[in-house]
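# Observations on the model geometry
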Amino acid sequence: MKSAAVVNFSPEKGSVEIREIDQPIIGEEDVLLEVANVGVCGSDLHQWTADHSWPVNYPVVLGHEFGGHIVEVGSRVKGWKEGDRVVSETAAVIDVNNPMSRIGLYNLDPTRKGFGYGVNGAMTRFVKVPARCLHKVPDQIPFEHACLTEPCCVAYSAVVENTGLKPGDRVVVLGPGTIGILCAAMARLCGAQVAIVGLEADKHRLDIAKQYGCEAIIGDATEWAFKRDGLGADCVIDAAGSSITLKIAMQLVRPNGKITKVGWGPQPLGFNLDPLVQKNIRLQGSFSHNWPMWERVLALLASGQLYVKPIIGGVWPITEWHTAFEKMHTGEIVKSVLKPV
């Protein structure tokens, strides 16, 4: 059986097209997942526009934000059965004996390969998934929402695990894309006062962020950051993926404050990092997520404490991937979701 798939076939810009691919053959510890929905990530766009900074195994099916039903179970898989509603983590290939994997941080295993760049992802009808990656999706979460568990986990990792916000913290989020808005929403759940910052072209995205109880700022956030006591924000979360935003973050954060960088950007910095030293700032990178974070985020989605519908700009069949990509790339919408055909 062959299915339509969105394939990134070479490193050149625009090298993405629909191809017919064979149904995957699963191993003893895998399941075959029939994809219900798959989210379009900024990293999918970066591979499409060829301005990414990570190695890709071409040709590869894109897509790492996905959920669906199990249709086949490997002979050594326990605890899962055909028909189960599941989402999958992104760490498709890990070395279980790597020191990071052995302490539960397999997301930081340097040999890790993820869906959509290291192995075939989920922008197709069927995807092979190691059973260790699976999480049960409660019945009350529709797959259009469940497929966004992964970016929610990126936000949870950045805001809760790596930043450790406290109620009452004053937080500036730079960049109103999917991750920026979800980081802002997660910071609000932690009890923080949150401003999210963008450009004039981001007005629609900033309006969506307001639905999560955030202050929306176009341009300069200095007044908001310094309003409480004149020293700056307790934390700045850089979700913009541009080098200049780190410089802005150093200006906005208070002495002894925190900057968490979650946005990717390959450009060289080109500015002085002395303010990081002078202000005694903690600069924290944040990458990916692991099993307990997924369980916690699914609980937040199931309870309604975290609601992702506001960021979903539409659902398109996989054959209309270009429209879905283009609408995100131009900033017309925050998040596109695809559905296999």
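Counting restarts for each chain: residues are numbered from 1 in the order of the written sequence. Where local features are concerned, this predicted model is filtered to residues with pLDDT of at least 70; where side-chain atom pairs are given and counted, the filter is 80 or more; whole-chain, interface and lining totals use all residues. To obtain the side-chain values, all non-hydrogen atoms of the structure were used and water was disregarded.

### Topic: the pattern of salt bridges
Note on definitions: salt bridges are taken to be side-chain nitrogens of Lys or Arg within 4 Å of carboxyl oxygens of Asp or Glu. The final tally for this structure, using the stated rule, is 14 salt bridges. Put simply, Glu 65 and Lys 335 hold a salt bridge, and the shortest N to O gap is 2.9 Å. Of this pair, Glu 65 sits in strand β5 (residues 65-73) while Lys 335 sits in strand β16 (residues 335-339), and the two are 270 residues apart along the sequence. Remark: exposure states derive from per-residue accessible area (1.4 Å probe, protein chains only) relative to the maximum for the residue type, with buried under 20%, exposed over 50%, and partly exposed in between. Exposure remark for Lys 335: the relative accessible area of 1% places this residue in the buried category. Between Arg 254 and Asp 234 there is a salt bridge whose closest N-O contact spans 3.8 Å. Highlighted residues: Arg 254 in strand β13 (residues 253-261) and Asp 234 in strand β12 (residues 233-238), separated in sequence by 20 residues. For the pair shown, Arg 254 and Asp 234 are each scored as buried. One network of salt bridges, with partners in common, ties together Arg 228, Asp 229, Asp 234 and Arg 254. Where helices and strands are cited, they refer to DSSP runs of H or I of at least four residues and of E of at least two residues respectively, numbered from the N terminus.

### Structural notes on the environment of Trp 224
Its location among the elements puts Trp 224 in helix α7 (residues 222-226). With a relative accessible area of 12%, Trp 224 lands in the buried category. For the pair Trp 224 and Leu 252, spaced 28 residues apart in the sequence, the C-alpha separation amounts to 9.3 Å. Throughout, a contact is declared for two residues whenever any of their heavy atoms are within 4.5 Å. Discounting chain neighbours no more than four positions away, the residues touching Trp 224 are Arg 170, Val 171, Val 172, Gln 193, Val 194, Ala 195, Glu 215 and Ile 217.

### A look at the nonpolar core
Among the nonpolar cores identified, the biggest contains 49 residues, and Val 171, Ile 181, Val 194, Ile 196, Ile 237 and Ile 311 are the most heavily contacted of them. Listed by contribution, the elements that provide at least two residues to this core are α3 (143-146), α4 (149-161), β9 (170-174), α5 (178-189), β10 (193-198), α6 (203-210), β12 and α10 (291-303). Within the second largest apolar cluster, 34 residues are counted, among which are Leu 62, Ala 131, Trp 316 and Phe 325. Think of a nonpolar core as a cluster: buried Ala, Val, Leu, Ile, Met, Phe, Trp, Tyr and Cys residues, connected wherever their side-chain atoms sit within 4.5 Å.

### With respect to the pairing of strand β6 (residues 85-88)
Where burial is concerned, the two faces of β6 agree: the one with Arg 85 and Val 87 and the one with Val 86 and Ser 88 are both buried. Pairs of strands are assigned from DSSP output, requiring at least two bridges between the strands. Here three bridges tie β5 to β6, and the two strands are oriented antiparallel to one another. Note that in β6 the partner of Gly 68 across the bridge is Val 86. Relative to strand β8 (residues 134-136), β6 runs antiparallel, the two sharing three bridges. Within β8, the residue paired with Val 86 across the bridge is Lys 136.

### Structural notes on α10
Take the residue count of a helix, subtract one, and multiply by 1.5 Å to get its expected span. Relative to the 18 Å expected for 13 residues at 1.5 Å per residue, α10 spans 19 Å between its end C-alpha atoms, a close match to the ideal helical length. Residues of α10 that are buried: Met 293, Trp 294, Val 297, Leu 298, Leu 300 and Leu 301. The buried residues of α10 occupy an angular sector of 160 degrees when the element is viewed end-on, so they sit on one face. In the core, the buried residues of α10 are packed alongside β6, β8, α4 and α5. Within two residues after α10, Gly 304 carries a phi angle of roughly 85 degrees, on the positive side. By arc we mean the arc of the directions from the helix axis to the C-beta atoms, nothing more.

### Re helix α11 (residues 321-329)
Given 3.6 residues to a turn, an α-helix orients residues that are three or four positions apart in the same direction. When we look at burial in α11, the residues that qualify are Trp 321, Ala 324, Phe 325 and Met 328. Seen end-on, α11 carries its buried residues on one side only, within an arc spanning 95 degrees. Considering only its buried residues, α11 is in contact with β1 (2-8), β2 (16-22), α1 (42-49), α6, β15 (312-317) and β16. Positioned one or two residues after α11, Gly 331 has a phi angle of 85 degrees, which is positive.

### Some remarks on the sheet that holds strand β4 (residues 60-61)
Overall, antiparallel pairing links the three strands, which are arranged β2-β1-β4 in an open sheet. Every other strand in the sheet has two partners, leaving β2 and β4 as the edge strands with one partner each. Pairing between β1 and β4: two bridges, direction antiparallel. Its bridge partner lying in β4, Asn 8 is registered against Val 60.

### Side note on the packing of α4 against α5
The contact between α4 and α5 brings their axes to 8 Å, and the two run at 55 degrees. Relative to α5, the element α4 is oriented oblique. Considering only the axes of α4 and α5, their crossing is right-handed. Residues Pro 151, Cys 152, Val 154, Ala 155, Tyr 156, Ala 158, Val 159 and Val 160 of α4 pack against Thr 178, Ile 179, Leu 182, Cys 183, Met 186 and Ala 187 of α5. Considering only residue class, the contact of α4 with α5 consists of 13 nonpolar, one polar and no charged. Between N-to-C directions, angles cover 0 to 180 degrees, with each direction set by a line fitted to C-alpha atoms, over the stretch in contact for helices. Note that the term roughly parallel is reserved for angles under 35 degrees, roughly antiparallel for angles over 145, roughly perpendicular for angles of 65 to 115, and oblique for everything else. Left-handed describes a crossing in which the near helix is turned anticlockwise from the far one by less than a right angle; the clockwise case is right-handed. Lys, Arg, Asp and Glu make up the charged group, whereas Ala, Val, Leu, Ile, Met, Phe, Trp, Tyr, Cys and Pro make up the nonpolar group; the residues left over, Gly among them, are polar.

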